[in-house]
Amino acid sequence: MYVPLPGLDKYMNIMQAGSSLPNDTIIALATAYGIGAIAVIRLSGPEAIQMVDQVFNPRSKGKSLQAVSSHTVHLGYIMDSQRIVDESLVTVFKGPHSYTGENVVEISCHGSPYIQQEIIQLFLRNGCRIANPGEFTLRAFLNGKLDLSQAEAVADLISSDNEASHQIAMQQMRGGFSNEIKALREELMNFASLIELELDFAEEDVEFANRDQFKELISRITKVLKHLIDSFAVGNVIKNGIPVAIVGEPNVGKSTLLNTLLNEEKAIVSDIAGTTRDAIEDEISVGGIGFRFIDTAG
């Protein structure tokens, strides 16, 4: 299943026109908004390290973030002029060895919404731009760090709420689906080149491509594609949960069964027939797979 990434069409048009990709620096809160022990603010772009370096006062004096090694963590203060905003850990990832393929900096600050906004506003004043939804993953795709199926799997992994959906997303993000398609494409390209070679020497009656091997390849590719098509339905059910409707005559205990399965009073139970008028549903995980139980009217 392919879900377009936000803003993908715009960047595709830029690439097709031969123009350079946007080279600005973006910023966004990487963790959920709200109060917590810590929050992570991520910057990505050519000037990400330089921008953080300008407002970061390290505990180790004389240390410049532009001079440190990639994938290192540094303790210090985020400064707004002479005012200390927060004591934070700053993690530096130098491109192309980062999630987006660009220079990336992650600021781990205290999880106060006020501190989060103070730091984000500080960088916005210094030339950063708020990232669009999914733009970090979009840049990873545009810079060749992820393919489309892997980029889609990132969203699936984040939203996974049971073991089965988690495993599917992990396999796809690690390139399981992409590797199958890539292997088939290479074999097809190889045979296509042999067929083209025969066409070039058609008058010589020379056979470069073995017909039996070609038929076997087509048969195998057909089976693999059918398996992938069939697996979509299974994967979609696992991702969204297996719907299970509880149906029956009025007042036979459908709502009681739903409450028993969920172990909570989700539906109203009454001796009066017709108490349930609208469908009531909830999801539970059974054996690592999500099930959506739906209590219907009799």
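Up top is the structure.
Residues numbered from 1 in each chain as written. Predicted model: local features only at pLDDT ≥ 70, side-chain atom pairs only at ≥ 80, totals over all residues. Heavy atoms only, no water.

Quick look at the sheet that holds strand β7 (residues 129-130)
Sheet strands associate in pairs through backbone hydrogen bonding, adopting either a parallel or an antiparallel arrangement. Under the convention used in this document: Here, strands pair whenever DSSP counts at least two bridges between them. Numbering of helices and strands starts at the N terminus; helices are DSSP runs of H or I of at least 4 residues and strands are runs of E of at least 2. Contacts are assigned to residue pairs with any non-hydrogen atoms lying within 4.5 Å of each other. Every angle, taken between N-to-C directions, lies between 0 and 180 degrees, and every axis is a line fitted to C-alpha atoms, over only the stretch in contact when it is a helix.
Here 7 strands make up an open sheet; going across it, the order is β3-β4-β5-β6-β2-β1-β7 and the pairing mixed. Of all strands in the sheet, those with a lone pairing partner are β3 (56-58) and β7, marking the two edges. Here 5 bridges tie strand β5 (residues 83-93) to strand β6 (residues 104-111), and the two strands are oriented antiparallel to one another. Within the sheet, the bridge partner assigned to Val-92 lies in β6 and is Val-105. Relative to the sheet, helix α2 (residues 48-55) contacts β2 (36-44), β3, β4 (72-80), β5 and β6, its axis offset from that of β3 by approximately 70°. Across the sheet, helix α3 (residues 113-125) is in contact with β1 (26-29), β2, β4, β5, β6 and β7; its angle to β6 comes to roughly 150°.

Points about helix α4 (residues 135-142)
The condition is simple: When a residue's accessible area, from a 1.4 Å probe over protein chains only, is under 20% of the maximum for its type it is buried; when over 50% it is exposed; and in between it is partly exposed.
Most of α4 is tucked away: 8 of the 8 residues are buried. When we look at burial in α4, the residues that qualify are Glu-135, Phe-136, Thr-137, Leu-138, Arg-139, Ala-140, Phe-141 and Leu-142.

Some points on the environment of Leu-262
With respect to the helices and strands, the residue Leu-262 is situated in helix α9 (residues 254-262). You can call Leu-262 buried: its relative accessible area is 10%. Once residues within four sequence positions are removed from consideration, Leu-262 is found in contact with Asp-282 and Ile-284.

Concerning the sheet that holds strand β9 (residues 280-286)
Strands sit in the order β8-β10-β9 across an open sheet of 3 strands; the sheet is mixed. A strand with exactly one partner marks an edge of an open sheet, and here the two such strands are β8 (242-246) and β9. Adjacent strand axes in the sheet meet at a mean angle of 25° when their direction is disregarded. When β9 meets strand β10 (residues 289-295), the two strands line up antiparallel, connected through 7 bridges. By the bridge assignment, Asp-282 is partnered in β10 with Phe-293. Sitting on the sheet, α9 is in contact with β8, β9 and β10, with an inclination near 155° to β10.

Considering α3
Helical periodicity: at 3.6 residues per turn, an α-helix aligns residues three or four positions apart in one direction. Spelled out, the test is: Every helix has an expected span of 1.5 Å times one less than the residues it contains.
Here α3 spans 18 Å end to end across 13 residues, near enough to the 18 Å set by a 1.5 Å rise per residue. Regarding α3, the residues found buried are Pro-113, Ile-115, Gln-116, Ile-119, Ile-120, Leu-122 and Phe-123. Trailing α3 by a residue or two, Gly-127 shows a phi angle of about 110°, which is positive.

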